[in-house]
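Below are the chains, spelled out letter by letter.
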Amino acid sequence: MLRPETIAGVAAAQDGVVTLDGRDGLAITMTPEAAAETGRRLIAAAALAALQSTEEPPLE
Amino acid sequence: MISGKFLLGRGRHELSDEEQRVLEDSIGSVRQVAARKQIVRAGVIIDTSTLLLEGFVCRYMDDRDGQRQLVAVHVPGDFVDLHAFPMRRLDHDIATLGPVKIACYDHQTLETITERYPHLTRKLWFSTLLDAAMHREWIFRLGRLGAEGRVAHLFCELNERLEMVGLAADGRYMLPMTQPDIAEASGLTGVHVNRVLRSLREKNLLTFKANEVCILDRKALAAVAEFEPQYLYGSNGP
């Protein structure tokens, strides 16, 4: 089962788009607008997640 | 023999002279097809199967927006759509990547082969299982590897397969695929593939220019790709 990734992805700008590379098969290209909005959402979600419990819910 | 690349490097030597002759004599027709042409459409009932003699073809599926995902690349010696013999239709499309030469086998003739030549039949079955093994590896490649790994793996696999049929040597081979093709085989965009190819070149692992692939460091490229060739069942078959 995959576990939450602890190593940050690598974002790069090329030819007017943003590529994001990471472990566990992460590989995506976005427009600058989509990347910027994704970035904002990631930061907001990260702030919330930091306040949440890290205990895994029981398997059903 | 024009069918001489079938299972070359993967157990062809286990075919008797008679079986090789039967395979050769069972060819219904041979034809040339230009590059970038569809040769089989998903869902259409077909009554022939295709042995690729020269060139490359791909199997692909389009999403609802028309974006293509390559699900296999075939090299000379591969039976491209033997699945259609028992299944009668395919669930994917097949198209040429570059100009090709193909041999067509009528399904009635294949039926006769299955009735009279059980060992040859098992070898035909084996060839479809090779496809299945490559599909499993592609699931792994696309599900678990990042962009560099996915592209590196594709080049490693093609090198191995082309070496088996004498079309690659010392890590060099011709490949009629564009960067968009590689992107479609790797679940990436063309820009991402361009970036990956530059990175692999700068790391002195691989170059790909004017349709020529040069693997500069086979071991290191295989490490990036997490590539191990056992799933190709080479070196004389199972």
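Here is what the cut-offs are and how they apply
- Residues numbered from 1 in each chain as written.
- Chains lettered and ligands numbered in written order.
- Predicted model: local features only at pLDDT ≥ 70, side-chain atom pairs only at ≥ 80, totals over all residues.
- Heavy atoms only, no water.
- Helix = DSSP H or I, 4+ residues; strand = E, 2+ residues; numbered from the N terminus.
- Rg over C-alpha atoms; globule rule 2.2 N^0.38 Å.
- Areas by Shrake-Rupley, 256 points an atom, 1.4 Å probe, with all protein chains shown as cover.
- Lys, Arg positive; Asp, Glu negative; His and termini not counted.
- Charge placed at Lys NZ, Arg CZ, Asp CG, Glu CD.
- Contact = heavy atoms within 4.5 Å.
- Salt bridge = Lys/Arg side-chain N within 4 Å of Asp/Glu carboxyl O.
- Nonpolar A, V, L, I, M, F, W, Y, C, P; charged D, E, K, R; others polar.
- UniProt positions renumbered as here; feature names shortened; annotations may be inferred.
- Domains from an automatic or database assignment.
- Buried area = accessible area lost by both parts, 1.4 Å probe.
- Pairing = 2+ DSSP bridges.
- Axes fitted to C-alpha atoms, helices over the stretch in contact; angles between N-to-C directions.

Q: Got a sec to walk through the overall build of chain A? Specific residues and values, please.
A: If you tally the helices and strands in chain A, you get one helix and three strands. For chain A, the N- to C-terminal ordering of α and β elements is β-β-β-α. Rg of the C-alpha trace for chain A: 14 Å, well past the compact-globule value of 10 Å for 60 residues, more than 25% over. Judged by the C-alpha coordinates and their principal axes, chain A covers about 45 × 25 × 20 Å. Per element, the accessible surface of chain A, about 4,900 Å² overall, is 63% carbon and sulfur. Each charge sign in chain A was given a centre, from 4 positive and 9 negative side chains, and these centres are 2 Å apart.

Q: Got a sec to walk through the interface of chain B and chain A? Specific residues and values, please.
A: Listed per partner, the contact involves 14 residues of chain B and 15 residues of chain A. For the interface between chain B and chain A, the tally reads one salt bridge. Note that B:R144 is salt-bridged to A:D24, the shortest N-O span being 3.0 Å. When residues of the side of chain B that touches chain A are traced back to their parent elements, those giving at least two are α4 (118-144), α5 (147-164) and α7 (190-202) of chain B. Broken down by element, the side of chain B that touches chain A gets its largest block of residues, five residues, from α7(B). A breakdown of the residues in the side of chain B that touches chain A according to their chemical character gives four nonpolar, six polar and four charged.

Q: Outline the UniProt feature "domain: HTH crp-type" (unreviewed entry) in chain B, listing residues and values.
A: Taking the numbering used here, the UniProt-annotated feature "domain: HTH crp-type" (unreviewed entry) corresponds to residues 145-219 of chain B. A distance of 17 Å separates the end C-alpha atoms of residues 145-219 of chain B, which is 55% helix and 15% strand.

Q: How would you explain the environment of B:A183 if you had to name every residue and give the values?
A: Residues and elements named next belong to chain B. Within the secondary structure, A183 sits in helix α6 (residues 179-186). Taking the C-alpha atoms as reference, A183 lies 8.7 Å from Q69; in sequence the two are 114 residues apart. Here A183 is in contact with L188, T189, G190 and V193, once residues within four sequence places are set aside.

Q: So what's going on with the domain arrangement of chain B? Residues and values would help.
A: All names here are of chain B. By the assigned domains, chain B splits into domain 1 (12-137) and domain 2 (147-232). Centre-to-centre separation of domain 1 and domain 2, based on C-alpha positions: 24 Å. Tallying the contact residues gives 16 residues for domain 1 and 19 residues for domain 2. In total, domain 1 and domain 2 occlude about 1,500 Å² of area from one another, counting both sides; carbon and sulfur atoms represent 61% of this. The largest share of the area that domain 1 buries against domain 2 comes from F56, M134 and E137, three residues that together contribute 34% of it. For the side of domain 1 that touches domain 2, the leading source of residues is strand β5 (residues 68-74), giving five residues. Of the residues belonging to the side of domain 1 that touches domain 2, the class tally is nine nonpolar, three polar and four charged.

Q: Kindly report on unusual backbone geometry, identifying the contributing residues and their values.
A: Of note, A:D24 is a non-glycine position whose phi angle comes to about 55°, a positive value. One non-glycine residue, B:Y233, lies in positive phi territory at about 50°. Among the structural elements, B:Y233 can be located in the segment after α8 (218-225).

Q: Any details on the sheet that holds strand β6 (residues 93-96) of chain B? Residues and values, ideally.
A: By way of backbone hydrogen bonds, the strands of a sheet pair with one another, either parallel or antiparallel. Residues and elements named next belong to chain B. Spatial strand order, β2-β6-β4-β5: four strands in an open sheet with antiparallel pairing. The two strands at the open ends of the sheet, each matched to only one other strand, are β2 (38-40) and β5. Each adjacent strand pair in this sheet contributes to an overall mean axis angle of 35°, direction not counted. Looking at chain direction, strand β4 (residues 57-62) and β5 are connected through six bridges and run antiparallel. Paired with C58 across the strands is V73, a residue of β5.

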